[in-house]
Amino acid sequence: MLSKRGLVICAVVVIAAIIGGYMFLMGQMAGSRGQGGAAQVKAMEVIKRDTPLTLEYPGTVKGKDTTKVTAKVSGTIVEKYIKGGDQVQAGQALYRIDSRNYQAALLNAQANLAQAQANFNNAQVELSRNQQLFAANAVSEQVVTNQQAQVNALAANVSAMEALVETAQQNLDDTVVYAPMSGKLAVDDVAVGTFAAAGTTPLVTIGTSNPMMVQFSVSETEYLKYVGNDVVPGMALPSKSVRIVLSDGKEYPALGNVVEVDRAMEGNTSSLLIKAQFDNSNGVLIPGMFARARLVGDTLKDAILVPQRSVQQLLGKSFVMIVGEDNKSVAIPVELGESIGSYYVIKSGLSGNEKVVVEGLTNLTEGVEMNVTMVTGEELGFSFVDKRN
């Protein structure tokens, strides 16, 4: 048990601590004020305007059509007509494979066909002779029947030999590898002397350069928000029109359009893959480039906007500090709506004619006299673009 004297000493210490804490707080408050005790703050006019819901997503430029060129026949490459990075046209020769074996196979097939045709012709002559003898009762009907069967068999053999010749000719023709489409070659082209296995050895990659695609993803939450109660088949986005911003911060001049929306969410990320198509006649876009895709959604009429940094949270409630009469601070509870870039849409609490404090909010309480410097959102680097990462 403490003595009466000890209790008195403890009480003095507690009171001193409370007074010290109060004096420190007052000092902090005073530190944010200028001459005459007025708090130094920056404020800006609350924005009231028609506001499009512009969302931005990171994306990647991809070719519309890309394929790895392979040979249809196997063999060693003996000639190369292109180099990596070339622009080629559909049907243009790219490589030639050693054709000697295929030339020999064609000659052999042609020889077999000639022999088959000769046998067929002889059998037809024999059939004609037997038919004449049968008419003169010189041979039996069975002889004619047997000869007719022989002719039919040799005719089938001729057809088979013709097919072999056609196959051999096609194989010989395929020793020259042609571009399957117009586009630009990658620099993965193989050298002369490479053995190309039919259908498996990639010789070079070719991709179209105009138009180009930009691929990006939206989250499952945003997809559900876009769908709402009005489901449009194949299109659950705020807009089919897309703008892109390249890595240098400049907006690409051509407007793109969403052309592909995946049928399912990607398992690991729960996001929906989307592709937008852009004209690339100027050749600026190349596969692998970074591009931020901007989608413009519905426009909020007469939306009231305040900077996100001006909004304070307390016990689950949101409020802003505005410039009241005699430049004194007034705390206003607000209901927050959609976030748009650096701003919040205010659903209730403000009329749109207020001046909201954006800097100097630390230790600023209601009813404090303020020394106000008016600024704009542009001066503070605020943006109306919503960037979704």
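All of these numbers come straight from a predicted model, not from anything done at the bench.

Participant: Help me out: how do you make sense of the overall build of the protein in this one?
Facilitator: Each helix and strand counted, the protein has four helices and 22 strands in total. For the protein, the proportion of its 389 residues judged to be buried stands at 35%. Once local pairs closer than 6 in sequence are excluded, the contacts in the protein between residues at least 24 apart make up 75%. Of the roughly 22,200 Å² of accessible surface on the protein, a fraction of 52% belongs to carbon and sulfur atoms.

Participant: Before we go on, may I ask you to explain the sheet that holds strand β4 (residues 75–80) in this structure?
Facilitator: Adjacent strands of a sheet form backbone hydrogen bonds with each other and so pair up, either parallel or antiparallel. Spatial strand order, β7-β6-β4-β9: four strands in an open sheet with antiparallel pairing. Strands at the two margins of the open sheet, each flanked by one partner only, are β7 (176–178) and β9 (195–196). Relative to β7, strand β6 (residues 93–97) runs antiparallel, the two being bridged by three bridges. Directly across from Arg96, in β7, lies its bridge partner Val176.

Participant: What is the right way to look at the pattern of salt bridges in this model?
Facilitator: Pairing of side chains with opposite charge becomes possible as their charged atoms draw close. In the structure shown here, the tally under the stated rule is 15 salt bridges. With a shortest N-O distance of 2.6 Å, Asp189 and Lys80 are connected by a salt bridge. You can see Asp189 sitting in the loop between β8 (183–185) and β9 and its partner Lys80 sitting in strand β4, a full 109 residues away along the chain. You can call Lys80 partly exposed: its relative accessible area is 29%.

Participant: Help me understand helix α2 (residues 100–135) in this model?
Facilitator: Residue pairs spaced three or four apart in an α-helix point in one direction, given the helix's 3.6 residues per turn. Spanning 36 residues, α2 covers 53 Å between terminal C-alpha atoms, matching the ideal 52 Å at 1.5 Å per step. Residues of α2 that are buried: Tyr102, Leu106, Ala109, Leu113, Ala116, Phe120, Ala123, Leu127 and Asn130. Check the buried side of α2 and you find it contacts α3 (141–173). Positive phi appears at Asn137, one or two residues downstream of α2, with a value of about 60 degrees.

Participant: Help me understand the sheet that holds β8 in this model?
Facilitator: Taken in spatial order, the four strands make up an open sheet running β3-β10-β8-β5, and their pairing is antiparallel. Each end of this open sheet is capped by a strand with a single partner; those strands are β3 (66–69) and β5 (87–88). When β8 meets strand β10 (residues 204–207), the two strands line up antiparallel, connected through two bridges. By the bridge assignment, Lys184 is partnered in β10 with Gly207.

Participant: Is there a simple way to think about α3 in this case?
Facilitator: Between its first and last C-alpha atoms α3 spans 48 Å; for 33 residues at 1.5 Å apiece the expected length is 48 Å, and the two agree. In this structure, the buried side of α3 is in contact with α2.

Participant: Sorry if this is basic, but what is going on with the pairing of strand β11 (residues 212–219) here?
Facilitator: For a regular strand, side chains alternate in direction, first toward one face of the sheet and then toward the other. Counting buried positions over the eight residues of β11 gives six, a clear majority of the element. Here five bridges tie strand β2 (residues 47–63) to β11, and the two strands are oriented antiparallel to one another. Paired with Lys62 across the two strands is Met213, which belongs to β11.

Participant: Explain the packing of aromatic side chains here, please?
Facilitator: Remark: the centre distance and the inter-plane angle together describe each pair of aromatic rings, the angle taken between the planes. Summed over the entire model, instances satisfying the criterion amount to three aromatic pairs. Considering the side-chain rings of Tyr57 and Phe216, the 6.0 Å spacing of their centres and the 20 degrees angle between planes classify their relative orientation as stacked. With Tyr57 in strand β2 and Phe216 in strand β11, the pair connects residues that are 159 residues apart, well separated along the chain. Look at Tyr57 and you get buried, because its relative accessible area is 1%. Relative accessible area serves as the criterion here: at 2%, Phe216 is assigned to the buried category. Between Tyr252 and Phe278, the ring centres sit 6.3 Å apart and the planes meet at 75 degrees, which makes this aromatic pair edge-to-face. Here the residue Tyr252 occupies a position in the loop between β12 (241–246) and β13 (256–261), and Phe278 occupies one in strand β14 (residues 271–278), the gap between them amounting to 26 residues. A relative accessible area of 2% places Tyr252 in the buried class.

Participant: Would you explain the confidence of the model for the protein in this entry?
Facilitator: Per-residue pLDDT for the protein has a mean of 85; in total, 85% of the residues score no lower than 70. Mean pLDDT values over the elements of the protein span from 43, in helix α1 (residues 4–31), up to 97, in β6. Per-residue pLDDT stays below 50 along residues 7–35; that stretch engages in 15 contacts with residues further than four places along the chain or on separate chains. A low-confidence stretch, residues 229–235 (pLDDT under 50), is modelled with three contacts involving residues beyond four sequence positions or located in other chains.

Participant: So what exactly am I meant to see when it comes to the side chain of Thr201 here?
Facilitator: Its place among the elements puts Thr201 in the loop between β9 and β10. Accessibility expressed as a relative area gives 18% for Thr201, which makes it buried. Within the structure, the side chain of Thr201 is placed 2.9 Å from the backbone nitrogen of Ala197, a separation counted as a polar contact. Setting aside its immediate chain neighbours within four residues, Thr201 contacts Val69, Thr70, Ala71, Phe195 and Ala196.

What counts and what doesn't
Residues numbered from 1 in each chain as written. Predicted model: local features only at pLDDT ≥ 70, side-chain atom pairs only at ≥ 80, totals over all residues. Heavy atoms only, no water. Helix = DSSP H or I, 4+ residues; strand = E, 2+ residues; numbered from the N terminus. Buried < 20%, exposed > 50% of the residue type's maximum accessible area, 1.4 Å probe, protein only. Contact = heavy atoms within 4.5 Å. Areas by Shrake-Rupley, 256 points an atom, 1.4 Å probe, with all protein chains shown as cover. Pairing = 2+ DSSP bridges. Salt bridge = Lys/Arg side-chain N within 4 Å of Asp/Glu carboxyl O. Expected span 1.5 Å × (residues − 1). Phe/Tyr/Trp six-rings, centres within 6.5 Å; stacked < 30°, edge-to-face > 60°. pLDDT = per-residue confidence, 0-100. Polar contact = N/O pair within 3.5 Å; in protein donor to acceptor, adjacent residues only side chain to side chain.

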